[in-house]
Amino acid sequence: MAQAMPNQPKFLPRMANTSNSYVATASGNPFDVEEEDEIFSKHKMVLRVPTDCTGDLMHLTVSKNWLVCLLGSPERTTLLRFFLPRAIPPGEVALERYLSGSGYKITKIFLDHTGHHLVISVVPKSASAGLSADFLYVHSSESSTAQQLKVRRIEKFKDHEITAVAFNPYHGNETTTGPILLGTSRGLVFETELSPTSDNHTQRKQLYDLGLGRPKYPITGLRLLRVPNSSRYIVVVTSPECIYTFQETLKPEERTLQPIFAGYVNGVQEPHCEERKTDLTYSQLRFFAPPNSKYPKQWAWLCGAGIRVGELSIEASGSATLLGDTLISLDFEKAKHLSYEERRLNVPKAFVLTEYHAVLLYGDHIRAVCLLNQELVYHEPLDEARVGKPLSIERDDITGSIYVYTVKAVFNLRVTNEERNVWRIYLDKGQYELATAHAAEVPEHLDLVLAQRADAAFSEGSYEVAADYYAETAKSFEEVCLKFMVLPDKRPIINYVKKRLSRLTTMPADMEAMEEEHATAIKALVVWLVDLYLIQINMPDQNEDWRQAWQSEYDEFMREPPILACTTRNSAAVQQLIAEHADPHNMAQFAIAIGDYEEVVEQQLKAERYAEALQTLGKQRDMQLYYKYAPVLMEKLPKPTIDALIAQGANLEVEKLVPTLIVIDTREQREQTIRYLEFAIYKLNTTNDAIHNFLLHLYAQHEPKLLMKYLEIQGRDESLVHYDIHYALKVCTDLDVKEACVFLQCILRMWISAVDLALKFDMKLAKETASRPTDSRMRRKLWLRIAYHDIKGTNDVKKALNLLKECDLLRIEDLLPFFSDFEKIDNFKEAICDALKDYNQRIQELQREMAETQEQSDRVGKELQQLREHKIRIDAQDTCSICDIMLPMRPFFAFICGHKFHSDCLEKQVMPLLNKERSRRLGILKQQLEAEMQTQSQAQSTTAVPTTSATTSVDQQRKRSEIKTEIEDILASDCLYCSMFIETIDQPFVDDWEQVNVEWE
């Protein structure tokens, strides 16, 4: 019956509790499940045995899907080799002749990892037969049509019964076994190498003696291992009562296995040996490795004490090899007092190892025991009368398949999801990490593991750990919260609610109704977490480190995108909650987080925390808040406020900051206002005349020197300055900034006023101003005003003379009226003489220029007269300078230089030299001339010519004459050789070299 789901909180979306309650079976075994879900299931195999092969099954082994079995009858012993994946004819070979007329019996068979090398151990049936033990080697090969089995007796091992073989998976292949180990019934370990080509060259090396001379000390198990990614080799050997391990690191190039035992033979070290007293005459060594892995994961040894299970070392340099030792008791002590038949049925004949189970074969049944809790998980009876006497159980180490065989049948024991309940076993044992790992793929199982793990952690007082695990389960939200709310430490409840919130924010909400419920749940958890954090932050009697730690965590929590989105949507509720905690700092932080900076600044200004308000302004991007609050901040913090405005650069509109900049009650405010205006003008390049006028006014009123620098930077071009010149002149006049007034009057071309003003305070400035006009008459007029101001009433001759030197427009006669009538002429003698000399020199220069001009005029007249009388003689024998053909044969041009050209030859040469405009004009003129000629021919063909036609003909002739004249001006304006070619001397002979190269090729 399904469990009732615990009540969910109203504000959380309902989560289906999909975990199934675990119900133990009557036996308390978690693996006791329904038939269709059993881990192990037995299925009979059908082997296609040839019809001529009869007898009972004697031995069977499997490797890499190659199944090798022996069928025996009184008349015949046959070896069969099947490939299980495909139904192909089996390999077959009779062994009678190798058994010397049935004088031998086969005790064991051993198949290598490739399925191609088989060792058959044979011993005499009786001691009186006169035979000795040895073994047969069978090599198998395949072709496309059949299998070939080659049997060979190994004579080197006469008198040695082979009881165990360790094949070499690291050097062996399908053609050779590589170095392998053989164990005998007397405890000897040999090394040899078998292949079909080494008939008489089989080597035998005795490596170690465990029997120490005892006639009966069989080696029951032998395995060669190499630790992954190393050259460390391990040999595990078992006898009925002991398990030995040998290990050595071999050189990569070494093939022989003798160095593994060398140190033990020499007495340098002793093999690791563990002994278990037993009444059994046998033991069995098994390993489990995942399919296609050469290195086993686990080992198991069936001995008198039961089954010992452990793991193998994977360390390249470790001393220990067999790690862990779990004993699965099989109650062998009770079997001591049983009869032979009872003992046969209660003592296992053989077993195999899987990852989590040991599968044992008894005389009348199969059972499987879990390695983790030693519980019986599988029991399958075997009816001997129906299926025959059970012989053994084998596992294919390469594929992992398990085979059980009797004298009559072979069964495949399938393993289905054997790890299905491993999580439950680890959970019951309190091994939560392993339980979690094995339950990870099934959400129901994982939920159960995490819930129990959380309960255990809570019971142990590990509340934070418990909270983390509870958050991953479907356990009732209220139930978990009630557990933690009673604790004085709120860290666990905060962690739990945060993790549940994280699950909600990552959970998709598809339907509209679910989405609304989803959002409500997130809102509730977020508000609750904010409340819990604020309680911790404002906890009384706590030190600053405590508050700072919680504050940092709270800040990080509030910055998370899902949380920020939720608090933004529900800002009113969150702000009300923070206000209830009377936490202005977090109120401001929250307002900043959701972008409500105006509220933050308002509160900070009301609390007179001006610096914090300025910092808040700097964190936001709404420029309107700067315009609104900067005037208030300017009154209290002039320099930081201007720093903040400058930091925003071009983001702010300078014009809108005027209300801030007019706050200039103190010197600091004035200086900071000037600083920002300079930044706006020189850095932001603002051209607004109001800003320029404002700065100019401040300069004129407080910084006259900076005013002149500003005016110089703006320049003297009235069209390029950015301030109002007339306004500036009025301000400077009102404030009596005379130098600036002179500068501005110069810009306005008020030269006389500028000079008159400059004369009042600075003669040098007046002279500079008088020199600025471009009109020489104005300059002379201004200099006369300077002279009048400087000389009138002083009669200072030196000053007058200096003025003459400074201005070349003034003459001594200009200055004489400024002196009194009684001034002595002697004082001006030198100046008057210089003036007369200057006049004389200028008169002489004018006379010389007039003489040169008259001479040039006469020369030009003579040349014109010569040109009127110039003649060019044309002889009948003259030729064209271009084509060398008689000149009179076609229209021609004759130049004054003597060159003569046919008109068509000249045109061909001149055309490439014309520019585009003249070339286009020439084409148009030729078309017009052709049209006129056609018009004339049509007019001549008319029979009756009226009087008006004669007038028209005269007009046409005049027009044709004008066209011809213009054509001749283009073609024959200059001589081709004497002028045109000379003008093109800088042009290349070839324009398109690529075309020339193509033509030359």
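Residues numbered from 1 in each chain as written. Predicted model: local features only at pLDDT ≥ 70, side-chain atom pairs only at ≥ 80, totals over all residues. Heavy atoms only, no water.

As recorded by an unreviewed UniProt entry, the protein carries the name Vacuolar protein sorting-associated protein 18 homolog and is attributed to Drosophila guanche. Its UniProt record gives the protein a comment under Subcellular location (unreviewed entry), which states: "Late endosome membrane". Looking at the protein in UniProt, the text filed under Sequence similarities (unreviewed entry) is "Belongs to the VPS18 family." (UniProt positions renumbered as here; feature names shortened; annotations may be inferred.)

For the protein, the helix and strand inventory stands at 36 helices and 30 strands. The 1001 residues of the protein split such that 44% are buried. Pairs at least 24 apart in sequence give 52% of the contacts found in the protein among residues at least 6 apart. (Helix = DSSP H or I, 4+ residues; strand = E, 2+ residues; numbered from the N terminus. Buried < 20%, exposed > 50% of the residue type's maximum accessible area, 1.4 Å probe, protein only. Contact = heavy atoms within 4.5 Å.)

To continue, consider empty space enclosed by the protein. A full pass over the atoms with the stated rule returns 1 cavity of 30 Å³ or more. The calculated volume of the largest cavity comes to roughly 40 Å³. Forming the walls of the largest cavity are V68, L79, R81, L111, G115, H116, H117, L118, V138, S140 and L149. Counting residues per element, the ones that place at least two in the lining of the largest cavity are β4 (77-83), β7 (117-124) and β8 (134-142). (1 Å grid on protein atoms, 1.4 Å probe; cavity = no way out; pocket = protein on both sides within 12 Å on 5 of 7 lines; lining within 4 Å. Points joined across faces, edges and corners; volume = space filled by probe spheres on them.)

Further remarks concern the environment of E444. The topology assignment puts E444 in helix α7 (residues 443-459). Sequence separation between E444 and A474 is 30 residues; the distance between their C-alpha atoms is 9.6 Å.

With that settled, the discussion passes to the sheet that holds strand β1 (residues 40-45). Overall, antiparallel pairing links the 4 strands, which are arranged β1-β28-β27-β26 in an open sheet. Strand pairing shows two members of the sheet lacking a second neighbour, β1 and β26 (390-395), which therefore form its edges. Strand after strand, the sheet turns through a mean of 25° between neighbouring axes, direction not considered. Pairing geometry for β1 and strand β28 (residues 410-415), over 6 bridges, is antiparallel. By the bridge assignment for β28, F40 is matched with V415. (Pairing = 2+ DSSP bridges. Axes fitted to C-alpha atoms, helices over the stretch in contact; angles between N-to-C directions.)

For the rest of this paragraph, the subject is the packing of aromatic side chains. Under the defined criterion, the tally for this structure stands at 24 aromatic pairs. An angle of 50° between the planes, with centres 6.1 Å apart, marks the rings of Y699 and Y710 as tilted. Of this pair, Y699 sits in helix α22 (residues 689-702) while Y710 sits in helix α23 (residues 704-714), and the two are 11 residues apart along the sequence. Y710 carries the same exposure label as Y699, and that label is buried. Among the aromatic residues, those joined into a cluster by ring pairs are F458, Y463, Y470, F477, F484, Y496 and W528. In this structure, R367 is placed above the aromatic ring of Y362, and the distance from its NZ or CZ to the ring centre is 4.5 Å. (Phe/Tyr/Trp six-rings, centres within 6.5 Å; stacked < 30°, edge-to-face > 60°. Lys NZ or Arg CZ within 6 Å of the ring centre and 35° of its normal.)

Together, I872, I874 and F892 make up an exposed nonpolar region whose accessible area comes to about 230 Å². Along the chain, I874 turns up in the loop between α31 (829-869) and β29 (892-894). Residue classification places I874 among the partly exposed positions, given a relative accessible area of 34%. (Patch = residues over 30% accessible without salt bridge, like charges linked within 9 Å, V, L, I, M, F, W, Y side chains within 5 Å. Areas by Shrake-Rupley, 256 points an atom, 1.4 Å probe, with all protein chains shown as cover. Salt bridge = Lys/Arg side-chain N within 4 Å of Asp/Glu carboxyl O.)

A word on the nonpolar core. Grouped together as the largest cluster of nonpolar side chains are 72 residues, with contacts concentrated most on Y676, L707, Y710, L711 and Y723. Here the element with the most residues in this core is helix α18 (residues 623-636); it accounts for 8 residues. Residues contacting Y710, with those up to four places away along its chain left out, are I681, Y682, H692, L695, L696, Y699 and Y723. Membership of the second largest hydrophobic core comes to 41 residues, among which are A471, C566, V574 and L577. (Core = buried A, V, L, I, M, F, W, Y, C linked by side-chain atoms within 4.5 Å.)

What follows deals with the pattern of salt bridges. Overall, the coordinates contain 34 salt bridges when judged by the stated rule. Linking R609 and E612 is a salt bridge whose minimum nitrogen-to-oxygen distance equals 2.7 Å. A relative accessible area of 28% places R609 in the partly exposed class. One continuous salt-bridge network, built from bridges that share partners, spans D52, R76, E92 and E96.

Pairing within the open sheet is antiparallel, and its 4 strands lie in the order β2-β3-β4-β5. The outermost strands of the open sheet, each flanked by one partner alone, are β2 (56-63) and β5 (91-94). Mean inter-strand twist for the sheet, computed between neighbouring axes without regard to direction, equals 15°. Taken together, the 7 bridges between β2 and strand β3 (residues 66-72) define a ladder with antiparallel strand orientation. The residue of β3 that forms the bridge with S63 is W66.

Bringing the pairing of strand β10 (residues 162-166) into the picture now. For β10, the tally of buried residues reaches 5 of 5 residues, placing the bulk of the element in the interior. Where β10 and strand β11 (residues 179-184) come together, 4 bridges link them in antiparallel fashion. Paired with A164 across the strands is G183, a residue of β11.

In this section: the pairing of strand β18 (residues 284-288). With 5 of 5 residues buried, β18 is to be regarded as a mostly interior element. Two strands pair when backbone bridges link them, and β18 and strand β19 (residues 298-303) are joined in this way by 5 bridges, in the antiparallel orientation. Considered in β19, the bridge of F288 is made with Q298.

We now examine helix α25 (residues 738-747). Note that an α-helix has 3.6 residues per turn; residues three or four places apart therefore point the same way. Most of α25 is tucked away, with 8 of its 10 residues classed as buried. Buried within α25 we find A740, C741, V742, F743, L744, Q745, C746 and I747. Residues of α25 that are buried in the fold lie against α23, α24 (725-734), α26 (751-759) and α27 (763-770). R749 lies just past α25 and shows a positive phi near 65°.

Along the polypeptide, Q745 turns up in helix α25. Overall, Q745 belongs to the buried group, its relative accessible area being 10%. Among the polar contacts listed, one links the side chain of Q745 to the backbone nitrogen of A754, at a separation of 3.2 Å. With sequence-adjacent residues up to four places away left out, Q745 is seen in contact with L729, M750, S753, A754 and L757. (Polar contact = N/O pair within 3.5 Å; in protein donor to acceptor, adjacent residues only side chain to side chain.)

This brings us to α22. Between the first and last C-alpha of α22 there are 20 Å, a value that for 14 residues agrees with the 20 Å anticipated at 1.5 Å per step. Along α22, the residues classified as buried are I691, H692, N693, F694, L695, L696, L698, Y699 and A700. Looking at the buried residues of α22, the elements they touch are α20 (658-661), α21 (667-682), α23 and α24. Its side-chain oxygen at 2.8 Å from the backbone nitrogen of A690, N688 defines the N-terminal cap of α22. (Expected span 1.5 Å × (residues − 1).)

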